[in-house]
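Below are the chains, spelled out letter by letter.
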Amino acid sequence: MASAGGSEPGAEDAAKTAEGVYEDVMPCDKMELSQRLAVEELITTEASYVHNIQLCVSDIRAHLQKKQLPELDLEGLFSNTDDILHVSKRFLKGLEATATQEHEQLLCISALFQEFKEEMESVYKIYCASYEHALLLVESYRKDPRLQEEILETLNATVPHTGASDLSFFLVMPVQRVTKYPLLLGKILENTPPSASAYPALQAAVRAMAQVNANINEYKRRREVATKYNKAEHLTLRDRLARLNTHSIAKKTTRLSRLFMHEAGIVAKTEDREYDDLEEKFQCVVSSVAMLKDNVASYLGHLEVKLQGWPHHKERQISIDEGPAQQYCHLAEHLHCTVFPEFKRRLERLVCLSDMLVGPQQLVKKRLDKLLDYEEIQERKSETGSVTYDEEAAMNTYLAINALLVAELPRFNQVALQLLGQILCSLSALQRDLAAQVLHRAEKELEQLPHGHVPLPSFWKMVEDTLQQSSTQLRTFCQTFETVTPSPVTQPLNPAEERKVLSLVSKHGPDKLYQVTSNVSGSKDLDLTLQRGQIVALLQSMDTKGNMSRWLVDAGGPRGFVPAGKLQPYCPVQSQQPGMQMPAPESSTERRRHSYASPEAPRPQVATFSPAFQVVAGFSFAARSPREVSLQAGQPVVVLEPHDKKGSKEWSLVEVNGQRGYVPSSYLVTVPVQEPMGWSLPV
């Protein structure tokens, strides 16, 4: 009994000792078990996630692509899911490989997250930034019964086991996954003793993934700011005025004054060399694209003008039934109606790069506005020591726009330059294709010509003989025409016109006088609108930009620009004085051909001068009442009154072949006297 009784205290002590050891061991086993379960959760959920993304890409998106629904924006819905799948597959493979490293598994997992953190950030930030846009698309598709039915049919056919009612079930998975990585790592860390060798590595991995999520959120915020400001608004003047209020006027005034102080050197500009270099390259890209677009538009315009001048054009349609001219018309019609429209369509599609520049241009412009606000707030902050909530938000907006541009402009400039190079290569290819099409069509038409197989020297000899024959026929026709054409009837200028011409001569000299050969309608600023036959004085043989085809003239009051091609030197009628040497008179034929004196001919100074005009009928007119008189085109007339009895200038009283009557004033054309005389020398 004693022994038994004495043995009880020893048993109790052993029991107590065993119980204490058990209590110490159990928490360690429980922590290790939880750690193992957390690792398994990380790997199994990653495998499930990759499987679902694979379904989303290979099944759902592929099925929708086969439907070929133009209303579905698949790129906007799925964004860069392919890139996420590629990174996640490699990451999952690495996670599964850590299972063989029993004692080093936690270190391997930590190292794997450190290895993939930059790739994860790069792919997930793009997806998360466009996720809101994808949700808006899903919401818009729900409102379209036909599209919603097509989407549901796709989900039921590809992933019926998920029970998904729309695409948002899959689209949210990448957003949820990247935010869950820090939580899963944190759970492993909680069940890892601080004394473990993997503990510092796990801490670093948790911080790294938390930083990845923070960077993604910051990028998303910057993109939202950029989306707000990079939209090009086409507002009317009324809309812009409606937006003005006291606050906006004060803000714009402050910015403008700040900008003036920058330019005047009163306050220093905020220097950012990195951004300035990027913006300079960007502006170079913008100017290159604009120049390319202008050149392409000019080139297409010249081609179109060239084709419009060919005989197939409806306004110049020539009735040709057979022969080489018909083949030429067929070729011209094919080029204008088939080849050129296709070439124009393909070429205009190439220069769409300028549309890509609108958003960045708006953002660069807005960055300058926000920089001026930022500097103003910084200056106020240095004086008062604090800023308001709105001012803090304005400063953050500038910092966000600046950071986004610094991060995105290098890649944008690189891509834009690559596209520009590809466009130039495509332009060259289109040019070669156009030339090949024209040559192929021309060869087909040439084969049908009667002289298509004539040797080249013989062909050119035939062309030369034909041209000489045509030239002889043309000269004969001109001589016959000038023989039967009546001599022009001259009509003196009215006193007002004579005073205006005399004033121009006194101001500028007779060698500066020019006459308008056809009506001029001013289409630009400072252009003049003139009638055929008007006399003007040349002031400068170019415009302000050095364009030699637009001349600055004095019209006897108004001054402006007119096309140089519509002006000819004017030689007014002059009275001959005794003793003045005159050149040998030309024949009547030569006088009719050369209505104007040569601009190179020397002209003496003017003393007296009486210019004269002749009026001819520009169009034929058939009299419809006894008060009217009939006209033939080119027939000389004498204007008795430049208006009717009621004072209307639409009708003029004229005398034609001894008959008097009214004719439409617009049918009359004023031309200069064609009888060259001489200048009167001063007494």
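Each chain has its residues counted from 1, following the order in which its sequence is written. Residue-level local features of this predicted model are given only where pLDDT is at least 70; pairs of side-chain atoms are given and counted only at 80 or more, and the full residue set underlies all totals for whole chains, interfaces and linings. Just so you know, side-chain values use all the structure's heavy atoms and leave hydrogens and water out.

A. Just the packing of aromatic side chains, in detail. Stacked, tilted and edge-to-face pairs are distinguished by plane angle, under 30 degrees for stacked and over 60 for edge-to-face with tilted covering the rest, among Phe, Tyr and Trp rings (Trp via its six-membered ring) whose centres lie within 6.5 Å. Considering all chains together, one arrives at 13 aromatic pairs under this definition. Plain terms: the ring middles of Phe91 and Phe116 are 5.5 Å apart, the flat faces sit at 70° to each other, and that makes the pair edge-to-face. Remark: Phe116 occurs in helix α4 (residues 105-142) and Phe91 occurs in helix α3 (residues 81-97); sequence separation between them is 25 residues. Residue Phe91 shares its accessibility class with Phe116, and that shared class is buried. Here the aromatic rings of Phe621 and Trp651 are separated by 6.3 Å at their centres, their planes lie at 70°, and the arrangement is edge-to-face. Of this pair, Phe621 sits in the loop between β7 (612-617) and β8 (636-641) while Trp651 sits in strand β9 (residues 651-656), and the two are 30 residues apart along the sequence. Relative accessible area serves as the criterion here: at 22%, Trp651 is assigned to the partly exposed category. By the criteria applied, helices consist of DSSP H or I runs no shorter than four residues and strands consist of E runs no shorter than two, each listed in order from the N terminus. Buried residues are those whose accessible area, probed at 1.4 Å on protein chains only, stays under 20% of the maximum for their type, while exposed residues exceed 50% and partly exposed ones sit between those limits.

B. The arrangement of the sheet that holds strand β5 (residues 559-563) in detail. A pair of strands is treated as paired once DSSP finds two or more bridges between them. Strands sit in the order β5-β4-β3-β2-β6 across an open sheet of five strands; the sheet is antiparallel. Two strands bound the open sheet, and with one partner strand each, they are β5 and β6 (567-569). Pairs of neighbouring strands in the sheet enclose a mean axial angle of 50°, with direction left out of account. Sheet analysis places strand β4 (residues 550-554) next to β5, joined by five bridges and oriented antiparallel. Counted as the bridge partner of Arg550 is Pro563 from β5. Axis angles are defined between N-to-C directions and span 0 to 180 degrees, where every axis is a line fitted to C-alpha atoms and, for a helix, only to the segment in contact.

C. Local environment of the confidence of the model for the protein chain. This prediction gives the protein chain a mean pLDDT of 79; 82% of its residues lie at or above 70. What pLDDT conveys is the predictor's confidence in a given residue, as a value from 0 to 100. In what follows, a contact means two residues having at least one pair of non-hydrogen atoms within 4.5 Å. Every residue in residues 17-25 is under pLDDT 50, and counting partners more than four places away or in other chains gives one contact. This model gives residues 574-611 a pLDDT under 50, and the stretch forms 67 contacts once residues within four places in sequence are excluded.

D. Representation of helix α14 (residues 358-384). Across its 27 residues, α14 extends 39 Å between first and last C-alpha, which sits within 8% of the 39 Å expected from 1.5 Å per residue. Looking one or two residues past α14, Gly385 carries a phi angle of roughly 85°, positive in sign. Expected span, for any helix, means 1.5 Å times one less than how many residues it has.

E. Just a positive patch on the surface, in detail. Excluding any residue in a salt bridge, patches collect residues exceeding 30% relative accessible area, merging like charges within 9 Å and nonpolar Val, Leu, Ile, Met, Phe, Trp and Tyr side chains within 5 Å. Here, Shrake-Rupley sampling with a 1.4 Å probe gives the accessible areas, and only protein chains in the shown set may cover a residue. Salt bridges, as used here, are contacts in which a Lys or Arg side-chain nitrogen is within 4 Å of a carboxyl oxygen on Asp or Glu. The positive count covers Lys and Arg only, the negative count covers Asp and Glu only, and His and the chain ends enter neither. Charge coordinates come from a single atom per side chain, which is NZ of Lys, CZ of Arg, CG of Asp or CD of Glu. Taken together, the side chains of Lys228, Arg240, Lys251, Lys252 and Lys365 make up a positively charged region of the molecular surface. Within the secondary structure layout, Arg240 lies in helix α9 (residues 237-243). For Arg240, a relative accessible area of 47% translates into the label partly exposed.

F. Highlighting the environment of Thr192. Turning to its location among the elements, Thr192 is positioned in the loop between α7 (173-190) and α8 (199-229). Residue classification places Thr192 among the buried residues on the basis of a relative accessible area of 3%. Thr192 has contacts with Met31, Gln35, Leu106, Tyr199 and Leu202, leaving out every residue within four places of it along the chain. For Thr192, the side chain forms a polar contact with the side chain of Gln35, separated by 2.8 Å. Polar contact is defined as a pair of N or O atoms within 3.5 Å, subject to the rule that within protein one atom must be able to donate a hydrogen and the other to accept it, and that residues adjacent in sequence are counted only when both atoms are side-chain atoms. In terms of polar contacts, Thr192 uses its side chain to reach the backbone carbonyl oxygen of Ile188, at 2.7 Å.

G. Inspection of unusual backbone geometry at higher detail. A positive phi angle, close to 45°, is found at Ser79, a residue other than glycine. You can see Ser79 is positioned in the loop between α2 (74-78) and α3. Phi is positive for Asn657, close to 55°, though the residue is something other than glycine. Relative to the elements of secondary structure, Asn657 occurs in the loop between β9 and β10 (659-664). Judged by its relative accessible area of 69%, Asn657 falls in the exposed class.

H. Up close: the pattern of salt bridges. Per the stated rule, a full pass over the model turns up 28 salt bridges. Between Glu46 and Arg177 there is a salt bridge; the shortest N-O distance is 2.8 Å. Separated by 131 residues along the polypeptide, Glu46 in helix α1 (residues 2-67) and Arg177 in helix α7 bring together distant segments of the chain. Exposure remark for Glu46: the relative accessible area of 0% places this residue in the buried category. Asp554 is the partner of Arg559 in a salt bridge, and the nearest nitrogen-oxygen pair spans 3.7 Å. One network of salt bridges, with partners in common, ties together Arg255, Lys366, Asp369 and Asp373.

I. Spotlight on the packing of α3 against α4. Where α3 contacts α4, the axes come no closer than 10 Å and their chain directions differ by 170°. If you check the angle between α3 and α4, you find them roughly antiparallel. Of the residues in α4, those in contact with Thr81, Asp83, Ile84, Val87, Ser88, Arg90, Phe91, Gly94 and Leu95 of α3 are Ile109, Leu112, Phe113, Phe116, Glu119, Met120, Val123, Tyr124 and Tyr127. For this scheme, ten residues count as nonpolar: Ala, Val, Leu, Ile, Met, Phe, Trp, Tyr, Cys and Pro. Four count as charged, namely Asp, Glu, Lys and Arg, and the remainder, Gly too, count as polar. Split by residue class, the contact of α3 with α4 holds twelve nonpolar, three polar and three charged. For this classification, under 35 degrees means roughly parallel, over 145 means roughly antiparallel, 65 to 115 means roughly perpendicular, and everything else is oblique.

J. Representation of the packing of α14 against helix α15 (residues 389-447). Look at α14 against α15: their axes get within 8 Å of each other, and the N-to-C directions meet at 140°. When the axis of α14 is compared with that of α15, the two are oblique. For the element pair α14 and α15, the recorded crossing hand is left-handed. Side by side, α14 and α15 meet where Pro360, Leu363, Val364, Lys366, Arg367, Lys370, Leu371, Tyr374, Ile377, Gln378 and Arg380 of the first sit next to Glu391, Ala394, Met395, Thr397, Tyr398, Leu399, Ile401, Asn402, Leu404, Leu405 and Phe412 of the second. Residues of the contact of α14 with α15, tallied by class, amount to 14 nonpolar, three polar and five charged. Left-handed describes a crossing whose near helix is turned anticlockwise from the far helix by less than a right angle; the clockwise case is right-handed.

K. Main features of the nonpolar core. Each nonpolar core is a collection of buried residues, namely Ala, Val, Leu, Ile, Met, Phe, Trp, Tyr and Cys, held together in the definition by side-chain atoms within 4.5 Å. Of all hydrophobic cores here, the largest spans 62 residues; its most connected members are Leu72, Leu77, Phe113, Tyr124, Leu167 and Leu171. For this core, the secondary-structure elements that each account for two or more residues are α1, α2, α3, α4, α5 (145-158), α6 (168-171), α7 and α8. Here this core gets 15 residues from one element, more than from any other, and that element is α4. The contacts of Leu171, once residues within four sequence positions are left out, are Leu77, Phe78, Tyr127, Tyr131, Ala134 and Val138. With 40 residues, the next largest nonpolar core counts Tyr275, Val285, Val339 and Leu430 among its residues.

L. Summary view of the environment of Gln632. Within the secondary structure, Gln632 is located in the loop between β7 and β8. Linking Gln632 and Gly618, residues 14 residues apart in sequence, is a C-alpha distance of 8.3 Å. Every residue in contact with Gln632, bar those within four places of it in the chain, is listed here: Ala617, Phe619 and Ser620.

M. View of the side chain of Ser110. Its place among the elements puts Ser110 in helix α4. One polar contact links the side chain of Ser110 to the main-chain carbonyl oxygen of Leu106, over a distance of 2.9 Å. In contact with Ser110, other than residues within four places in its own chain, are Ala201, Leu202 and Ala205.

N. Local environment of a negative patch on the surface. On the surface, Glu271, Glu274, Asp276, Asp277 and Glu280 cluster together into a negatively charged patch. Inspection of the secondary structure puts Asp276 in helix α11 (residues 273-308).

O. The arrangement of the pairing of β4 in detail. Most of β4 sits inside the fold, with four of its five residues counted as buried. Judged from the three bridges that link them, strand β3 (residues 535-540) and β4 form a sheet pairing that is antiparallel. When the bridges of β4 are listed, Leu538 appears paired with Val553. Following β4, the chain reverses through four residues before pairing antiparallel with β5; Gly556 in that reversal takes a positive phi of roughly 80°.

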